[in-house]
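Results of the structural survey
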Amino acid sequence: MGRIIFLGSGGARVVVFKQIRASGGIWLNLNNKNLLIDPGPGSLVRIVSSKHNLNPTSINAVLLSHKHLDHSGDVNNIIEAITIGGTEKRGILFAPYDALEGDDPVVYRYLRDYLEKIVILKEKEVYNLNGVSFTCPIRHQHRTETYGFLFKTDKIKIGYIADTKFFNGLIDAYKESEFLILNVVREKPSELDHLSLEDVRVLIKEIKPKVCFLTHFGMTIIRKKPWVVAEELNREFANLNVKVIAANDGMKYDF
Ligand SMILES: [Zn+2]
Ligand SMILES: [Zn+2]
């Protein structure tokens, strides 16, 4: 049916730019389609050196949740890799307007024609990739235009909540997720627009996915040890039948 590979599990400035954890994004294979989500710095290297035998020319679509470098740093390298330096036109890029046309776009213009298509993401629009569909159920609250994704096949529904401040609208927007991926940067809530462990608790309790993956860890979570954090949550939510899994670099999960 499919699999997910975490090419990196680090998030935010300190962890990513010291490469305390990798930042390659997420490789999602569903119904024989390969989607690469948020290829941060090092994504291409993580793909070609992955023990899971990943080939960049097999990527059907690249999805950017937003333009911050920890999510988009390798997008240009990935376009070159998918199209073998522009010699074979293929691949679709989905990205917010802000990442493509704003003041400071992150995708080089000279590479754009290499791709089969570029799609500007819009809230609630449904995108179909022949066997997999996805939508951006709600615009996130983050410093720059940001969306998460809800993927659907005839068999499963997977939610990806990218960087955002917590707000109640997230619960309804991702309610259908049987598998839920959360970017959890911080241990404690703060003024910064990222999810904290408190927010994760609320999302798990309200959405009740079968499996919840935690990833995109900032320093405060790394210090607490992500696998310990996941164990604590598993104990706390034992009655909900939710399995919480902390991602690590290169981790694979088969659906
Ligand atoms: Zn981030
Ligand atoms: Zn961000």
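This text goes with the structure placed above it.
Here we summarise the structure given alongside this text. (Residues numbered from 1 in each chain as written. Chains lettered and ligands numbered in written order. Predicted model: local features only at pLDDT ≥ 70, side-chain atom pairs only at ≥ 80, totals over all residues. Heavy atoms only, no water.)

Regarding the overall build of the chain
A count of helical and extended segments in the chain gives 10 helices and 15 strands. Here the C-alpha atoms of the chain give a radius of gyration of 17 Å, agreeing with the 18 Å that 2.2 N^0.38 yields for 255 residues. Along the longest, intermediate and shortest principal axes, the C-alpha atoms of the chain span 55 × 40 × 35 Å. Taking all 255 residues of the chain together, the buried fraction comes to 58%. When contacts within the chain are restricted to residue pairs at least 6 apart in sequence, those whose partners lie at least 24 apart make up 64%. A total accessible area of about 11000 Å² is found for the chain, and carbon and sulfur atoms account for 47% of it. The chain carries 34 positive and 30 negative side-chain charges, and their two centres are separated by 4 Å. (Helix = DSSP H or I, 4+ residues; strand = E, 2+ residues; numbered from the N terminus. Rg over C-alpha atoms; globule rule 2.2 N^0.38 Å. Buried < 20%, exposed > 50% of the residue type's maximum accessible area, 1.4 Å probe, protein only. Contact = heavy atoms within 4.5 Å. Areas by Shrake-Rupley, 256 points an atom, 1.4 Å probe, with all protein chains shown as cover. Lys, Arg positive; Asp, Glu negative; His and termini not counted. Charge placed at Lys NZ, Arg CZ, Asp CG, Glu CD.)

Considerations on the packing of aromatic side chains
Aromatic rings considered in pairs are described by the distance between their centres and by the relative angle of their planes. Summed over all chains, the structure comprises 13 aromatic pairs. Pairing Tyr253 with Phe255 gives two aromatic rings, centres 5.7 Å apart and planes at 65°, and the pair type is edge-to-face. Of the residues examined, Tyr253 reaches a relative accessible area of 23% and is grouped as partly exposed. Cluster of aromatic residues (ring-pair linked, three or more members): Phe94, Tyr127, Phe134, Phe149, Phe151 and Tyr160. (Phe/Tyr/Trp six-rings, centres within 6.5 Å; stacked < 30°, edge-to-face > 60°.)

Looking at the coordination of the zinc ion (ligand 2)
The coordination sphere of the zinc ion (ligand 2) contains the protein donors His66 (NE2), His68 (ND1), His142 (NE2) and Asp163 (OD), at a distance range of 2.1 to 2.5 Å. Sequence spacing among the residues donating to the zinc ion (ligand 2) works out to H-x1-H-x73-H-x20-D. (Donors = N, O, S within 2.8 Å, 3.2 Å for Na, K, Ca; no water.)

Focus: the environment of Gly24
Here Gly24 lies in strand β2 (residues 23-30). Not counting chain neighbours up to four residues away, the residues in contact with Gly24 comprise Leu7, Gly8, Leu36, Asp38, Pro39, Gly40, Pro41 and Ser43.

Let's talk about the environment of Glu88
Mapped onto the elements of the fold, Glu88 is located in the loop between α4 (75-82) and β5 (92-95). Separated by 28 residues in sequence, Glu88 and Glu116 have C-alpha atoms that sit 9.5 Å apart. Excluding residues that lie within four positions of it along the chain, Glu88 makes contacts with Thr83 and Tyr114. Side chain to side chain, Glu88 and Arg90 meet in a polar contact 2.3 Å long. (Polar contact = N/O pair within 3.5 Å; in protein donor to acceptor, adjacent residues only side chain to side chain.)

Some remarks on the coordination of the zinc ion (ligand 1)
Distances from the zinc ion (ligand 1) to its protein donors, namely Asp70 (OD), His71 (NE2), Asp163 (OD) and His216 (NE2), fall within the range 2.1 to 2.3 Å. Each of the four donor atoms bound to the zinc ion (ligand 1) contributes to angles spanning 86 to 153°, and the resulting shape is irregular. Each donor residue of the zinc ion (ligand 1) belongs to the same chain, with the gaps between them written as D-H-x91-D-x52-H. (Tetrahedral: all angles 85-135°; square planar, octahedral: opposite > 155°, others 65-115°.)

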